[in-house]
Amino acid sequence: MIDYKLKLKSKRLKSGRCQIQFFVSSGNIQTHYGYLLVEAGTTLKEVVHSIESKVKTRLNSAGNYSHLFNLNHRSRVKENVLLFNN
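About the criteria used
- Residues numbered from 1 in each chain as written.
- Predicted model: local features only at pLDDT ≥ 70, side-chain atom pairs only at ≥ 80, totals over all residues.
- Heavy atoms only, no water.
- Pairing = 2+ DSSP bridges.
- Helix = DSSP H or I, 4+ residues; strand = E, 2+ residues; numbered from the N terminus.
- Polar contact = N/O pair within 3.5 Å; in protein donor to acceptor, adjacent residues only side chain to side chain.
- Contact = heavy atoms within 4.5 Å.
- Axes fitted to C-alpha atoms, helices over the stretch in contact; angles between N-to-C directions.

### Re the pairing of strand β2 (residues 18-26)
Part 1 of the reasoning: Taken together, the eight bridges between strand β1 (residues 5-12) and β2 define a ladder with antiparallel strand orientation. Residue K9 lies in a different strand from β2, and its bridge partner there is Q21.
Part 2 of the reasoning: In the sheet, β2 pairs with strand β3 (residues 29-38) via nine bridges, with the strands oriented antiparallel. Across the sheet, C18 pairs through a bridge with V38, a residue of β3.
Part 3 of the reasoning: The hairpin turn running from β2 into β3, its antiparallel successor, is two residues long, and G27 in that turn takes a positive phi close to 70°.

Structure follows, in structure tokens:
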């Protein structure tokens, strides 16, 4: 992810949290989009860092199928990021 653009839209929920909708594009092609759920006091820098780390992880593990459920892996990190490919 050397050269990319990140577009963010936010929506405050009744719970006080914020839902962030994001779009990642490289050049003129949108490559990924997704949603992030954050607490109200989260900074823009923290939001961007969460999105970048999730997209980098997805790109680095393209063939690992990490999204599939594994019964041997008990401790699963709770993530508030949903990421989709276009």
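### Section: the side chain of H32
Part 1 of the reasoning: Position of H32 relative to the elements: it lies in strand β3.
Part 2 of the reasoning: A polar contact of 3.2 Å, which involves the side chain of H32, links it to the side chain of T31.
Part 3 of the reasoning: Apart from the residues within four sequence positions on either side, H32 is in contact with F22, F23, V24, V55, R58, L59, L83, F84 and N85.

### Looking at the sheet that holds strand β4 (residues 81-85)
Part 1 of the reasoning: With antiparallel pairing, the four strands of this open sheet are ordered in space as β1-β2-β3-β4. Sheet topology places β1 and β4 at the edges, where each strand pairs with a single neighbour. Strand-to-strand twist across the sheet, computed as the mean angle between neighbouring axes with direction ignored, equals 15°.
Part 2 of the reasoning: Against the sheet, helix α1 (residues 44-60) contacts β1, β2, β3 and β4, and its axis sits at roughly 125° relative to β3.

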